[in-house]
Amino acid sequence: MAVADEVIRLTIVIAQYATCTVFLFFLIHKLLMLTYYPFITRRDPVAGKLPEDRPFVTVQLPCFNEAAVIRRVIDASCSMKWPRDRFEVHILDDSNDVTTAISEEAALYWRNRGTECRVIRRPLRTGYKAGALQYDIDNEVHPDSQFFPVFDADFCPAPEWLETIMPYFFDENGNDREELSMVQGRWAYLNADLNIITRIQELILSGHFFIEQVFRSRTGRPWNFNGTAGVWRRSAIAAVGGWEHDTIVEDSDLSIKCFDAGFRGVYLRDISAPSELPTAISDYRSQQTRWIKGFGQLFAKRAVMALTSRNTSFVHKAEFLFHTLPSLCYGATVIFQLYFPLAIFVTTNFSWPWLGVNLGALAIFWAFYSLTLYRMFGFWKGLANQWRIAGIMVLCWGLSPLLAYAFIEGMVSHDATFTRTPKRAATASATDSMSTNVTSASRSASNDDSDVSETVSRQASPKPGMDASEPTPQTSEHSGSSAVGTASVSGATTLTATTSASLTSDGDSSGELTKVVKSSRSSYFTTKITFLPFFEFTVALWSLFAAVGAIFGLAGAPIHENFNRGTLWLTAVAIFSTGCGVGLLWSSLGAIGGMIQGLYMDFWASRDAAAAASAAAEESDPSTDLDMHPTDVPSVAADQSTSALSLLTSVPRPAAEPTDEVTPVTLSAGGTKSAVSLETPDMALATSLRGRGPTGTTVVEV
């Protein structure tokens, strides 16, 4: 036992100083930011003067299966103020669901009102977001286009956003500042007050946007474009070889290339665009895994170039390391979680230097986010929200095993598969007014003052033989958070009648959809099973066991004679292990619950799809092109396993008198969870929430 005790003591000593060194290394960098901040916070960039001949601008909206939010970002982007003859909006749509129909309808709506808006579809989804952006530049953008504002699907910029941010590319005389490759705005949040996890995320990201980006950009250090809510210069992208898609942080990769080539950027703390935060722990895990893995890939790809470049100084090289390697703290935290509970099983001297290092690191951490809260809310409200800092610690402790694994995977893996973060069009924040303003602006821009109901009878789009140039009534414009053309039902998104109607506007659309469905025979089970949540759950139990043991020890309970009775040790173990246990349970149970739910929904969706396909095959005319084999189920991306949106299509209807009217009908029989049905002379459309639809329909899960 003596040898075992010595081994445990030595393990504790080595591990505690190794992990604390990692923490302190990166937190000293944050201390440097705090030291510089008072001197640079007022050093705001100066806007120049826009030239009389405005530059041509192409707004790029990359998206993949974003039915809940795509109409909102299209309306917001098309509502931005800029000369219409020098402005176009490109929806870079790689979707395999109804997002494309919603996008096409929105694009037609804005083209009828004088804004050049197009949906760009690639033959192959190569390179995900980066591939879509580069494809658009190479093949679709206007030859005169010089600047590319980029927005993810969950963003909704204000109408004046573009006119406010573009002057920074020019000097006071209107001359182009060609050394500027990009201008980045700050992110704001539509749903920051929705729940505890969105409140914590708001603080984490605000620390980045209020302090880190300000520090890096205003001291001449390398910093990264944040992927959205910013504008790129076309010539700068071309000068460094364009977007590359061998990492999943293409925005940071392009930023590093441009900085090394001598380009610089401008970060604007006071110009923001509202966006959506992940609302569930499973969504947040997915987002953070992608970001951390991407930085591992970025370090593996660019470290040699960045550290040996003759174009950058020692300070720039050091900043590259501080920017790409903070994820090492997650690995150190995992080691800390595994070894620290051992301290209750052996009698060992308490390390005062170790305590000092920890308290110093904690003080820097707390000061950093306290300053962030002050910048966000002011003094008193910031003081009232101090609990969020503790929430960050608990959340980061809980995610540490996942993110440590993601960073290592990024370092050694060349897999650049892009997993999108689910968007739910949820808002619950003081900044909700931005969404309302955007909707109002779109109404004003379109000169359409009619008050249209959310589900109304409307004309279909022009059929063959009709005048395609004739304006057609469009979908209703929802206020607040709902994407235009969609409605939120119990956390799921369903097509409204008006949006679904766009699928029948073209005589060929249903046939193309049927061909896509018939060509796919892949498995319906798309939920990804991973061991990490179970490892996290095991570490959570270990941490909670140690916390309970430490509490018993502090209470003087009769325990084994070798049990550590040191009050300081037991107090430290009790506090840290309780926090880790709570965070790990939060993270792991959320992930495990998500996997169970996904498998359950996959199972029932598979059965319902097979049953509906079989019924359609039996009831349809043998001569028709719509017969389907029971195994003809659609291919669904892995990140769509929890989608609540299904489209029921391809139901032959008896011949009827020609009419352009589309009448919405609420389903009352024949299905268990159907939401909206459309009846037309030649086809019935309906939406459902992963449930069985009317008898004789074909379920296409999107």
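What you are looking at is a predicted structure, and each value in this text was computed from that prediction instead of being measured. (Residues numbered from 1 in each chain as written. Predicted model: local features only at pLDDT ≥ 70, side-chain atom pairs only at ≥ 80, totals over all residues. Heavy atoms only, no water.)

Secondary structure assignment for the protein chain yields 19 helices and 15 strands. Considering only intrachain contacts with a sequence separation of at least 6, the fraction spanning at least 24 residues in the protein chain is 81%. Summed over its atoms, the accessible surface of the protein chain is roughly 28900 Å², and 59% of this surface lies on carbon and sulfur atoms. (Helix = DSSP H or I, 4+ residues; strand = E, 2+ residues; numbered from the N terminus. Contact = heavy atoms within 4.5 Å. Areas by Shrake-Rupley, 256 points an atom, 1.4 Å probe, with all protein chains shown as cover.)

Bringing the confidence of the model for the protein chain into the picture now. Taken residue by residue, the protein chain gives an average pLDDT of 77. The fraction at 70 or more is 72%. Counted against residues more than four places away or in other chains, residues 430-525, with its pLDDT under 50, gives 203 contacts. The model gives residues 624-702 a pLDDT under 50, and that stretch makes 225 contacts with residues more than four places away or in other chains. (pLDDT = per-residue confidence, 0-100.)

Moving on, we get to the pairing of strand 5 (residues 180-189). Burial analysis of strand 5 places 10 of its 10 residues in the buried class, which makes it a mostly covered element. Alignment of strand 5 against strand 7 (residues 264-275), held across nine bridges, turns out to be parallel. By the bridge assignment for strand 7, R186 is matched with S272. (Buried < 20%, exposed > 50% of the residue type's maximum accessible area, 1.4 Å probe, protein only. Pairing = 2+ DSSP bridges.)

Interhelical geometry of helix 1 (residues 2-40) versus helix 6 (residues 196-218) gives an angle of 75° and a closest axis separation of 9 Å. Classified by the angle between their axes, helix 1 and helix 6 sit roughly perpendicular to one another. Touching H29, K30, L32, M33, Y36, Y37 and I40 of helix 1 are F210, I211, E212, V214, F215, R216 and R218, all from helix 6. Among the residues making up the contact of helix 1 with helix 6, the classes are represented as nine nonpolar, one polar and four charged. (Axes fitted to C-alpha atoms, helices over the stretch in contact; angles between N-to-C directions. Parallel < 35°, antiparallel > 145°, perpendicular 65-115°, else oblique. Nonpolar A, V, L, I, M, F, W, Y, C, P; charged D, E, K, R; others polar.)

This part covers the pattern of salt bridges. Taken as a whole and assessed by the stated rule, the structure comprises 26 salt bridges. Residue E319 is joined to R221 by a salt bridge in which the shortest nitrogen-to-oxygen separation is 3.3 Å. In this pair, E319 is assigned in helix 10 (residues 314-324) and R221 in the loop between helix 6 and strand 6 (230-233), connecting sequence segments 98 residues apart. Just as E319 is buried, R221 falls in that class too. Linked through salt bridges whose partners overlap, the residues forming this network are E244, D246, D253, K257, K301 and R302. (Salt bridge = Lys/Arg side-chain N within 4 Å of Asp/Glu carboxyl O.)

Moving on to helix 2 (residues 70-78). Of all nine residues that make up helix 2, nine are buried, and the element is covered over most of its length. Burial in helix 2 covers these residues: I70, R71, R72, V73, I74, D75, A76, S77 and C78.

This structure, assessed with the given rule, holds 31 aromatic pairs. Relative to Y267, the ring of F209 has its centre 6.4 Å away and its plane inclined at 25°; by these criteria the two rings are stacked. Separated by 58 residues along the polypeptide, F209 in helix 6 and Y267 in strand 7 bring together distant segments of the chain. Judged by relative accessible area, which is 1%, F209 ranks as buried. Residue Y267 is classed as buried on the basis of its relative accessible area of 1%. For the pair W223 and Y267, a centre-to-centre distance of 6.2 Å together with 70° between the ring planes defines the contact as edge-to-face. Here W223, found in the loop between helix 6 and strand 6, pairs with Y267, found in strand 7; they are 44 residues apart in sequence, far enough to count as distant. (Phe/Tyr/Trp six-rings, centres within 6.5 Å; stacked < 30°, edge-to-face > 60°.)

Here we come to the sheet that holds strand 4 (residues 145-150). The strands making up a sheet are joined through hydrogen bonds of the backbone, oriented either antiparallel or parallel. Spatially, 3-2-1-4-6-5-7 is the arrangement adopted by the seven strands of the open sheet, whose pairing is mixed. At either end of the open sheet lies a strand with only one pairing partner, and these are strand 3 (116-120) and strand 7. Pairs of neighbouring strands in the sheet enclose a mean axial angle of 25°, with direction left out of account. Across five bridges, the pairing between strand 2 (residues 87-93) and strand 3 is parallel. Each bridged residue has a counterpart across the sheet, and for I91 the counterpart in strand 3 is V119.

This part covers the pairing of strand 6. What you see with strand 6 is no split at all: G230 and W232 on one side and V231 and R233 on the other are buried throughout. Sheet topology note: the strand 5/strand 6 ladder contains three bridges and is antiparallel. From the neighbouring strand, V183 faces strand 6, where its bridge partner is V231.

For the rest of this paragraph, the subject is the nonpolar core. Soluble globular proteins tend to bury their nonpolar side chains together. Grouped together as the largest cluster of nonpolar side chains are 142 residues, with contacts concentrated most on I74, I91, F151, W161, L162 and M166. When residues no more than four places from it in sequence are discounted, the contact partners of I74 are L61, I91, S103, A106, W110 and C117. (Core = buried A, V, L, I, M, F, W, Y, C linked by side-chain atoms within 4.5 Å.)

For the rest of this paragraph, the subject is the side chain of H208. Relative to the elements of secondary structure, H208 occurs in helix 6. Its relative accessible area of 14% is what places H208 among the buried residues. H208 has contacts with Q213, R216, N224 and N226, leaving out every residue within four places of it along the chain.

Positionally, Q201 belongs in helix 6. Considering only alpha carbons, one finds Q201 and L277, 76 residues apart in sequence, at a separation of 7.4 Å. Not counting the four nearest positions on each side in its chain, Q201 is found in contact with L277, P278, Y284 and Q287.

Right, let's talk about the side chain of K30 for a bit. Mapped onto the elements, K30 comes out in helix 1. K30 sits in the buried class, given a relative accessible area of 16%. Ignoring anything within four residues of it in the chain, the contact list for K30 reads E212, I364 and F368.

Okay, a nonpolar patch on the surface next. A cluster of nonpolar side chains, namely L338, Y405, F531 and F535, defines an oily patch on the protein surface of about 380 Å² accessible area. Looking at the secondary structure, you find Y405 in helix 14 (residues 387-412). By relative accessible area, Y405 is classed as partly exposed at 40%. (Patch = residues over 30% accessible without salt bridge, like charges linked within 9 Å, V, L, I, M, F, W, Y side chains within 5 Å.)

Okay, unusual backbone geometry next. The phi dihedral of N65 falls on the positive side, at around 55°, and the residue is not glycine. You can see N65 is positioned in the loop between strand 1 (56-63) and helix 2. Of note, Y128 is a non-glycine position whose phi angle comes to about 55°, a positive value. Inspection of the secondary structure puts Y128 in helix 4 (residues 128-139). Judged by its relative accessible area of 22%, Y128 is partly exposed.

Looking now at the packing of helix 1 against helix 10. Contact geometry for helix 1 and helix 10: axes closest at 11 Å, N-to-C directions at 115°. In this structure, the crossing between helix 1 and helix 10 has a hand that is left-handed. When helix 1 is examined against helix 10, the residues F25, F26 and H29 are found in contact with a partner set consisting of E319, L321 and F322. (Left-handed = near helix turned anticlockwise from the far one by under 90°.)

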